[in-house]
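So you can see what is in the structure, the chains are spelled out below.
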Amino acid sequence: MSIRLTWCLAALLTIPLPLLAAVQDETDVDIQVREIAKTLRCTVCQTENIWESGAPLAQQMRGVIRDRIAMGHSTEEIRAYFLSRYGDYILMEPPKHGVNWIIWVAPFLLLLIGGFFLYKEVTHWVRDTPTPPSQSEPPLDDQARRRIERELKS
Amino acid sequence: MSKGWQLTLILTLVGLFALFYQGLWGDPRHIPTVLIETEAPNFEGPDVETGQTISLEQFKGKVVLLNFWASWCYECKVEHKSILQLHQLFKDNPDFVMLGVNYQDELADAQKYLQDYGSTFSHVRDLKGQLAIDYGVYGVPETFVIDQQGKIRHKWVGPITGEVYTNITQKVIAPLLNAPPTTTTTS
C-alpha cells in the first residue's frame, strides 16, 4: 500500500461518522427539495424560508415540493405553482419586474442622491472656508535653541 | 442644479419615503391574494364527522362558501356564531353550499370542537395541508366565496364578524345568488 493511500485512509477516519452518514443519506430528491424550499418564503414566519422554518405550514409545503418532484415536475414548475397560489410574496427574492424594480433600485438610488448632496455640501464648505493667512515661523533665538538642546540631552 | 432637477429629486425622495412609510405602517402579515377570478382548485377529503368523501366537484353550479378553521384557533371560535348565522341565512337557497375545511388539526379535537360549538353544515379534513396550500391559505380563519362558474370571487383573512359579515352576506353572496337576504348584522 502506498504512503499516499495510507494518508488518504487516515484522513477519512478523522471525518465524524454522523456527518458522513448525513451526506450519504441525502438523495438527489432531498437536494432538489432543499434548493427549491430555500427560495420560498415561509408565509407564517416571514423572515425565514420554508427550508429553515419549523412551522407546520412550512413542513407541509416541503411535503408538497417532494410530492411534485415525485410526479416529475421541474423546479421551475414547482416554483410557478407556489407563485400562482401566494403571489410574489412567496419568493424570498422579489422578481425583477414591474413595481418590484423599486425594491432593487431604491437603495442605490438613495445612496446616489445622498452622495450627490454630500458632495455638493462638502465642495460648498471647502469653497466658503477662508484660507488662513500664511505665517512663517519666527526664527529661534539662541536662548530657546540652548534650552531645547539641554532638554533633549536630559 | 436646475430647478427641474431639484423638483425631480424632491419628488423621487417623497415617493420613496411614502413607500417606506406605507411599508412601516402596513400589516406585514397580510399577503395580497392572487386567486380572485381564478378557477377554484378542486379537492377531495373525508368529512370530519361522518368520514364520507366530500369533493368540490359535487357542488358544481352552486355558490360555495369555504371556511378554513381549526380547533386550536381563537379567532375561529370568535367567528363561529356568525358562521352558523350565515349558514342559517342562506341554507334554504338550493344554489348555496357552505363547507368548512379543518386545517392542521387532530380529528378528535376537530370533532369535539364541532360538538361543543355546533355544526349545521359539512366540514372536510385537509389531511396533508395540500388543500390549504392550493387555496394560498396561510392562517385561519380564512374564507372564500366561489361562484356558480367555479371561480373564486372573494377571500377574507380573519373572522367573519360585524361589518365583514354584513359585507360578505349583502355584497358578495346575495348578489351571486341573485336574491337579496334580509338585513342581518352580528356584533
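It should be noted that the structure appears before, not after, this text.
Definitions and limits used
- Residues numbered from 1 in each chain as written.
- Chains lettered and ligands numbered in written order.
- Predicted model: local features only at pLDDT ≥ 70, side-chain atom pairs only at ≥ 80, totals over all residues.
- Heavy atoms only, no water.
- Pairing = 2+ DSSP bridges.
- Helix = DSSP H or I, 4+ residues; strand = E, 2+ residues; numbered from the N terminus.
- Axes fitted to C-alpha atoms, helices over the stretch in contact; angles between N-to-C directions.
- Contact = heavy atoms within 4.5 Å.
- Salt bridge = Lys/Arg side-chain N within 4 Å of Asp/Glu carboxyl O.
- Buried < 20%, exposed > 50% of the residue type's maximum accessible area, 1.4 Å probe, protein only.

Peer 1: Give a description of the sheet that holds strand E4 (residues 96-103) of chain B that names residues and reports values.
Peer 2: All names here are of chain B. With respect to topology, five strands assemble into an open sheet ordered E5-E4-E3-E6-E7, the strand pairing being mixed. On the outer flanks of this sheet lie strand E5 (122-126) and strand E7 (152-157), each paired with one strand and no other. On average, each strand axis in the sheet is tilted by 20 degrees relative to the strand beside it, whichever way the strands run. Both E4 and E5 contribute to a ladder of five bridges, which runs parallel. Bridging across to E5, Leu 99 finds its partner in Ser 122. Relative to E4, helix H2 (residues 74-90) is tilted by about 160 degrees, and along the sheet it contacts strand E3 (63-69) and E4. Strand contacts of helix H3 (residues 107-117): E3, E4 and E5, with the helix running at about 115 degrees to E3, the strand carrying the most contacts.

Peer 1: An account of the pattern of salt bridges is needed here, citing residue identities and associated values.
Peer 2: All names here are of chain B. Taken as a whole and judged by the stated rule, the model has 10 salt bridges over all chains. With a closest N to O distance of 3.5 Å, Glu 37 and Arg 153 form a salt bridge. Here the residue Glu 37 occupies a position in the loop between helix H1 (3-25) and strand E1 (44-46), and Arg 153 occupies one in strand E7, the gap between them amounting to 116 residues. The residue Asp 147 makes a salt bridge to Arg 153 at a minimum N-O spacing of 3.1 Å. Residue class for Asp 147 comes out buried when judged on its relative accessible area of 3%.

Peer 1: Before we move on, could you go through unusual backbone geometry and cite the residues and values that matter?
Peer 2: Residues and elements named next belong to chain B. Residue Val 140 is joined to Pro 141 through a cis peptide bond whose omega torsion reads 0 degrees. You can see Pro 141 is positioned in the loop between helix H4 (130-134) and strand E6 (142-146). Even without being glycine, Glu 37 reaches a positive phi, approximately 70 degrees. Of note, the phi angle at Gln 104 is positive, near 45 degrees, even though the residue is not glycine. Relative to the helices and strands, Gln 104 is located in the loop between E4 and H3.

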